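# Report on the structure
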Amino acid sequence: MNPPESRDNKAWKTAAVLHFYSKWDKESKILIAMEYQMERDRIFAGKKGKPEPFKFNREVARVFDDMLNRSVPLYGESIRRQAELASAYYQEKSRIYDLGCSNGNLGLSIMDQMKGREFSLIGVDSSFPMIEKYNRQLAHKTESASVCLICGFLEDIQIKNASVVLINLTLQFIAPQKRDAVLAAVFNGLNSGGILLLTEKTIHREKSLNDLEIRFYKKFKLENGYSELEISRKREALEKVLVPDTIETHQKRLERVGFKTMEIWLKWFNFASFIAVKP
Ligand SMILES: C[S@@+](CC[C@H](N)C(=O)[O-])C[C@H]1O[C@@H](n2cnc3c(N)ncnc32)[C@H](O)[C@@H]1O
């Protein structure tokens, strides 16, 4: 096992990550906990001046799970249910694509769900530190032979023979003018009866409700230990990097590329998870 990058740092956290993998056996839990030990996310704490635009670099990869836990409402629940949906909709000899797979939380949860079944999973992410971290974790999984990790832009990936495509909190980082093409490629690459699971941070078309959602999201982050300064600096860093759409924009785009059957299966203020089924 590669040593974690900042072994000297005392602020290691493991509990939150163990929470996601509560169904793994004792031995795996210990291995994963060791691999996952990491610093608390303090990226936007205590620095001055205008923050750089947000990037999924090594610094972010190192604290990513703590960041997700404390800044994405219902993250663990969402990962668990997506893995269950992936398992329910997987068609024998087809492929699962995880576009924007990061360090593999969703993929690892799917492997847990699919234990004992043959399947093929393709994870794509443009951040090398994320793919590296994902790859390190695969070393402990016997199912890793069926997993292929690609460090590249998901816009360039040809999707074929897919029964499940996951885009979890990632379409929002793709240039808005490219989003239709990405979803069209997903639709075309899905087999009949296959699904797209799309989770995004959203905005509300009505200002008063948008303000409400922002207020509750800020409350969530404060409750999770982020300071006012960290929240505002991260918001600044994400400006023009994370560009959210409204629910209606997502639904219209899904319809435009060919999906007719869709539902929002999880919603929390400014976060929404869609399932869309290919006819
Ligand atoms: C918020 S994270 C996704 C979280 C992850 N799906 C999960 O379930 O934990 C967004 C990811 O998308 C990746 N990303 C952003 N733009 C991308 C692109 N054009 N192609 C591939 N990956 C991209 C980032 O590197 C980052 O790892």
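Quick note: structure is the one above.
My aim in this report is to walk through the structure given alongside it, one point at a time. (Residues numbered from 1 in each chain as written. Predicted model: local features only at pLDDT ≥ 70, side-chain atom pairs only at ≥ 80, totals over all residues.)

### Quick word on the packing of helix 4 (residues 75-89) against helix 5 (residues 105-113)
Following both chains from N to C, one finds helix 4 and helix 5 inclined at 50 degrees, their axes separated by 8 Å at the closest point. By the angle between their directions, the pair helix 4 and helix 5 is classed as oblique. Crossing of helix 4 over helix 5 shows right-handed handedness. Between helix 4 and helix 5, the residues in contact are Ile79, Arg80, Gln82, Ala83, Glu84, Ala86 and Ser87 and Asn105, Leu106, Ser109, Ile110, Asp112 and Gln113, respectively. Broken down by class, the residue content of the contact of helix 4 with helix 5 amounts to five nonpolar, five polar and three charged. (Axes fitted to C-alpha atoms, helices over the stretch in contact; angles between N-to-C directions. Helix = DSSP H or I, 4+ residues; strand = E, 2+ residues; numbered from the N terminus. Parallel < 35°, antiparallel > 145°, perpendicular 65-115°, else oblique. Left-handed = near helix turned anticlockwise from the far one by under 90°. Contact = placed C-beta atoms within 7 Å. Nonpolar A, V, L, I, M, F, W, Y, C, P; charged D, E, K, R; others polar.)

### Considering the pairing of strand 6 (residues 162-168)
Extensive coverage of strand 6 is indicated by the burial of seven of its seven residues. Judged from the four bridges that link them, strand 3 (residues 95-99) and strand 6 form a sheet pairing that is parallel. When the bridges of strand 6 are listed, Ile96 appears paired with Val164. One ladder, built from six bridges, connects strand 6 with strand 7 (residues 190-203); its direction is parallel. When the sheet's bridge partners are listed, Ile167 is paired in strand 7 with Leu198. (Buried ≥ 20, exposed ≤ 12 C-beta atoms within 10 Å, placed from the backbone. Pairing = 2+ DSSP bridges.)

### Examining unusual backbone geometry
You will see that Lys93, though not glycine, has its phi angle at about 65 degrees, which is positive. For Lys93, a count of 10 C-beta atoms within 10 Å gives the class exposed. At Asn161, a residue that is not glycine, the phi angle is positive and equals roughly 50 degrees. Along the chain, Asn161 turns up in the loop between strand 5 (147-151) and strand 6.

### Describing the pairing of strand 10 (residues 271-277)
Summarising burial for strand 10: five of the seven residues are buried, a large majority. Bridging between strand 7 and strand 10 involves seven bridges; their strand directions are antiparallel. Among the inter-strand pairings, Leu196 is bridged to a residue of strand 10, identified as Ala276. Pairing geometry for strand 9 (residues 261-268) and strand 10, over seven bridges, is antiparallel. Bridge assignment links Glu263 to a residue of strand 10, and that residue is Ile275. Connecting strand 9 to the antiparallel partner strand 10 that follows it, the hairpin turn spans two residues, and Phe269 within it adopts a positive phi of roughly 40 degrees.

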